[in-house]
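Descriptive analysis of the structure
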Amino acid sequence: MRPSEAAALARQALADGDATLAGSITERLLGEFAGYPPARLVRALLAEQGNDSDAALDDLRAVTSAEPTNSEARAAQARLFQRRGDVDRARMAARQSVELIPGDPNVLESALEILNVEPDSLETSAAVLARVHLNCGWPDLAERHARVAVSESPERVDVRLTLAEALWRLGRLSACEAECRVVADQAEECVRAAVMRAHILSERGRTAEGQELLDRIGRIDPEFREARELLGTLEVHRLVLPGVVEIDLPPELIRQSNDAGEAVAEPDADPAPVEAQTADGPDGQDGTPGESAVQDRHSQPVEDLQGSEVQVDAVGSDSVTGEATAALSEQLRLDVVAEEPESLDAEETPPDGVSPVSSDSAAEAAAPTDEADVGADFSTFDWARHLIEQSEWTEAARVLADIVRANDPDIARVDGLLLEAVAHRELRESAWKLLGNHYMQTGRPQAAADAYLRAANVAGGSTE
């Protein structure tokens, strides 16, 4: 079993309330890899639950030294500082956590609670812009904003690391090395800075030194995940990535983890299928979700929609089983049926080679001539959903882009359509980018930053 898989078991045990099992797996991991950040983070969260703030802060310092951009660790530090009455440090750590664009809504909520602000009232800082540009593949813009952020907060090691990576991607290795040394002074165990320094050494003909530095990273990152991510962006390099090590968990711990997972899943082990929602259910008399349910889904507030992003992206990830994907597709199909008076017939599909080029032309091209058969105009939103159902990904992406450019006043409806689109692997990257554009158009910069980051992760091959 890989260390990351064991750490995931510990996190699941912690989420299920089994602190004993989480602690046992964590100690086993730390016995093999004393500096492994995911294991130390779990141990810190366990110490936080046990009101042992000193032990929790010690582990969190180790985590942020190895991973300065770990938003969850910063949020945990903020909570512990607030518990101690250190308001200034709590707010500083919470602000840093928010600007690191956490992927977990619970982490974001805990940080915002300490800052006592609403998500939409946050200003987009230079640090956030630098990170978004870097993840979108624009290192020159990232460098510009990172330098502004460094001048504003020179003590922020995460900002300094963003600047170093932007310089590294631009090929300015001497400037990058200088920034990496500053990062190492503040965060001695920083894995990302060490990887960049190892590559710079190899480029200068000191490959043996670079390889030695890379090998030492295995004490902290035994799977060399950050090294594989960074070096994988290069066309060629002289470093050799060591093989991934594994850890043998005692069978009783694995058995307990499986039992705990089955116990949690047992109440929903036999959920009612979608088709079972008939006239006896709370929805429509024909077994499809009622009109009010669809309206509620499209009129969700921004905060709820951001939470939905995480759920949709998780369902759409490569790790999901075929059954889950099929269930999602079926639910989205039912949503379309509930909104449309009647589904499209196969004969009404436009001929091959005819593609809409704008919102107005798309609606005209797709509108059925016999309204008596359909009962209502065929909107651009309907056309986009139809194209997605027919797996016409290129045309669907064009129509979605037209919808975003049209800046429809029904913000929730556009949100809902784009969140449906990200569930499809072929549309995921473009849909996240369009969602980011839509969030920026509608004055939601923090949500836009998260959407752009997700698009960058998809482009980089991440399933997160």
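Cut-off values and rules
Per chain, residue numbering runs from 1 following the sequence as it is written. Reporting of local features is limited, given that this is a predicted model, to residues whose pLDDT is at least 70; pairs of side-chain atoms are given and counted only at 80 or more, and all residues count toward the totals for whole chains, interfaces and linings. Note that water and hydrogens are dropped before the side-chain values are worked out from all heavy atoms of the structure. A fitted line through C-alpha atoms represents every axis, and for helices the fit uses only the stretch in contact; the resulting angles, taken between N-to-C directions, go from 0 to 180 degrees. Runs of E in the DSSP output that reach at least two residues are strands. Runs of H or I that reach at least four are helices, and both are numbered from the N terminus. Note on terminology: angles under 35 degrees are roughly parallel, angles over 145 are roughly antiparallel, angles of 65 to 115 are roughly perpendicular, and the others are oblique. Put simply, a crossing is left-handed when the front helix is turned counterclockwise from the back one by less than a right angle, and right-handed when it is turned clockwise. Here a residue-residue contact requires only that any non-hydrogen atoms of the pair lie within 4.5 Å. Just so you know the grouping, Ala, Val, Leu, Ile, Met, Phe, Trp, Tyr, Cys and Pro go in nonpolar, Asp, Glu, Lys and Arg go in charged, and all remaining residues, Gly too, go in polar. What makes a salt bridge here is a side-chain nitrogen of Lys or Arg within 4 Å of a carboxyl oxygen of Asp or Glu, nothing more. Each residue is placed in one exposure class: buried if its accessible area under a 1.4 Å probe, protein chains only, is under 20% of its type's maximum, exposed if it is over 50%, and partly exposed if it falls in between. Positive charges are assigned to Lys and Arg, negative charges to Asp and Glu, while His and the chain termini are left out of the count.

Glancing now at the packing of helix H4 (residues 53-66) against helix H5 (residues 71-83). Here H4 crosses H5 at 150°, and the two axes come no closer than 10 Å. Overall, the two elements H4 and H5 adopt an arrangement that is roughly antiparallel. As H4 packs across H5, the resulting crossing turns out to be left-handed. From H4, Ser53, Ala56, Leu57, Leu60, Arg61, Val63 and Thr64 reach across to H5, where they touch Ala73, Arg74, Ala76, Gln77, Leu80 and Phe81. Residue composition of the contact of H4 with H5, by class: eight nonpolar, three polar and two charged.

This brings us to unusual backbone geometry. With a phi angle near 60°, Asn51 is a residue other than glycine that sits in the positive phi range. Position of Asn51 relative to the elements: it lies in the loop between helix H3 (37-49) and H4. Not every positive phi belongs to a glycine, and Ile101 is a case in point at roughly 55°. Positionally, Ile101 belongs in the loop between helix H6 (87-99) and helix H7 (105-115).

A separate point is the packing of helix H11 (residues 173-186) against helix H12 (residues 191-203). The interhelical angle for the contact between H11 and H12, taken along N-to-C directions, is 140°, at an axis separation of 10 Å. The element H11 and its partner H12 pack so that their crossing is left-handed. Where H11 approaches H12, its residues Leu173, Cys176, Glu177, Cys180, Arg181, Val183 and Ala184 are matched on the opposing element by Ala193, Met196, Arg197, Ile200 and Glu203. Within the contact of H11 with H12, the residues separate by chemical class into eight nonpolar, no polar and four charged.

Here the idea is simple: oppositely charged side chains can pair when their charged atoms come close. Within this structure, the stated rule accounts for 29 salt bridges. Ionic pairing is found between Arg43 and Glu27, a salt bridge with its closest N-O pair at 3.7 Å. One end of the pair, Arg43, is in helix H3; the other, Glu27, is in helix H2 (residues 19-32), and 16 residues separate them in sequence. Among the residues examined, Arg43 registers a relative accessible area of 27% and is labelled partly exposed. The partly exposed category is assigned to Glu27, whose relative accessible area is 42%. Residue Arg160 pairs with Glu179 through a salt bridge whose shortest N-O separation is 3.2 Å. In this pair, Arg160 is assigned in helix H10 (residues 157-169) and Glu179 in helix H11, connecting sequence segments 19 residues apart. Comparing Arg160 with Glu179 shows no difference in burial state: the two are buried. Taken together, the shared-partner salt bridges in this structure form one network comprising Arg95, Glu99, Arg131, Arg156 and Asp158.

A few words now on the environment of Tyr452. By the element assignment, Tyr452 lies in helix H25 (residues 445-459). Sequence separation of Tyr452 and Leu434 is 18 residues, and the distance between their C-alpha atoms is 8.7 Å. Not counting the four nearest positions on each side in its chain, Tyr452 is found in contact with Val132, Cys136, Lys433, Gly436, Asn437 and Met440.

Looking at where Glu223 falls in the secondary structure, it is placed in the loop between helix H13 (207-216) and helix H14 (225-231). One buried charge, Glu223, has no salt-bridge partner; the nearest side chain with opposite charge is Arg2, at 4.2 Å. Apart from the residues within four sequence positions on either side, Glu223 is in contact with Arg2, Pro3, Ser4, Tyr36, Arg228 and Val244.

These figures capture arrangement, not role.
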